[in-house]
Amino acid sequence: MSRDKLRIYVIGMMLPLMWIGCANPSEGVQNQKMEQRGSLVNHESDDNGIQVEEGVMPTATEMSSDEYMNWMKSKGNGLAKEKQIQSIRYQMIYVPSEYYLLKNPENSSISKEEIEEEKELDNNGVNFILRISSTDGQLDLSKYNVKNQAEYNDRVKYLSFEMHNNLYLEAEGKERVPCKMCTYERDYSITPYASFTLEFPISVEELSEYRLVYSEEIFNHGKIKFHWNDETLNNIPKLIPNE
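These figures come from a predicted structure and were not determined experimentally.

*Asks:* Please explain the pairing of strand β5 (residues 126-134) as it appears in this structure.
*Replies:* Regular strands have side chains that alternate between both faces of the sheet. With respect to burial, β5 is a largely interior element, nine of its nine residues being buried. Here β5 shows two buried faces, one formed by V126, F128, L130, I132 and S134 and the other by N127, I129, R131 and S133. As defined by bridge partners, strand β4 (residues 88-95) adjoins β5 across eight bridges and the pair is classed as antiparallel. From the neighbouring strand, Q91 faces β5, where its bridge partner is R131. Where β5 meets strand β9 (residues 194-200), seven bridges bridge the pair, whose relative direction is antiparallel. The residue of β9 that forms the bridge with R131 is S195.

*Asks:* Explanation requested: the sheet that holds strand β7 (residues 177-178) in the structure shown.
*Replies:* Whenever strands of a sheet pair, they do so through backbone hydrogen bonds, lying parallel or antiparallel. One open sheet holds the four strands; their spatial order is β7-β6-β10-β11, and the pairing between them is antiparallel. This sheet does not close on itself; its edge strands, each paired only once, are β7 and β11 (222-226). When strand β6 (residues 167-170) meets β7, the two strands line up antiparallel, connected through two bridges. Looking at β7, one finds that L169 is bridged to V177.

*Asks:* Can you help me understand helix α6 (residues 149-162) in this one?
*Replies:* The periodicity of an α-helix, 3.6 residues per turn, causes residues three or four places apart in sequence to face the same way. Helix length check: α6 (14 residues) gives 19 Å between terminal C-alpha atoms against 20 Å at 1.5 Å per residue, within 8%. For α6, the complete set of buried residues consists of R155, V156, Y158, L159 and S160. A side-chain oxygen of the first residue of α6 lies 3.2 Å from the backbone nitrogen of A150; this N-cap is N148.

Cut-offs used in this document
The residue count restarts for each chain, going from 1 along the sequence in the order it is written. Owing to the predicted nature of the model, reporting of local features is limited to residues with pLDDT of at least 70; listing and counting of side-chain atom pairs is limited to 80 or more, with chain, interface and lining totals taken over all residues. Side-chain figures throughout are based on the complete set of non-hydrogen atoms in the structure, without hydrogens or water. Partly exposed describes any residue whose relative accessible area lies between the buried limit of under 20% and the exposed limit of over 50%, with all areas from a 1.4 Å probe on protein chains only and scaled to the type maximum. Only DSSP runs of H or I with at least four residues qualify as helices, and only runs of E with at least two residues qualify as strands; both kinds are numbered from the N terminus onward. Strands are treated as partners if at least two bridges between them are detected by DSSP. Take the residue count of a helix, subtract one, and multiply by 1.5 Å to get its expected span. Each polar contact in these results corresponds to two N or O atoms within 3.5 Å; when the atoms are within protein, one needs to be able to donate a hydrogen and the other to accept it, and residues that are neighboring in sequence are counted only if both atoms are side-chain atoms.

Now the structure itself:
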């Protein structure tokens, strides 16, 4: 199955998604692969979704597919950063390239070449999941503090097409890096959080130099910043090919 057909298949099996951002079709195969990443990582209806859990974190420099998925779910891996302001919780998760291979329903076996190909994408863009929830588990971001249909429509428009303008990477002495693509998963309150997949056009080697900033508007919480240091990024295990 071609990557285009695979992308259609994956999206068809998912909850409704709305694509946000400015991907240019003329950029070709690379954008198709990055969009496929967004589809795969937001498919949280199975046991392989990134559900951060308490418990013992597996530690190794190389891991099998099952070991890697367990590592991704472990809270101690350092990939998930969390900030809570009043009753609202913001969780930002860095998603390494190997995870997308494991989420692909066609990858019953993974070759060394496929791993290297996926890592090449990390030279051009890094991905995150942003989840916004409330401590009581009752937050519906599209309806929060909305008084009428017009305000609801404006909120959905913001979440669907404008929120990427409030997300960027910053570093002292460097030019601000805007969010290239933001995917809002409209699951109609099935999950206890609002979920977004983000892409920024820098390499993973540069990531520790920056802070990811979410300039929050809905709750007036201002600038919320997240950072991943070299130790965390360098300790991400390698996926062992099983082919």
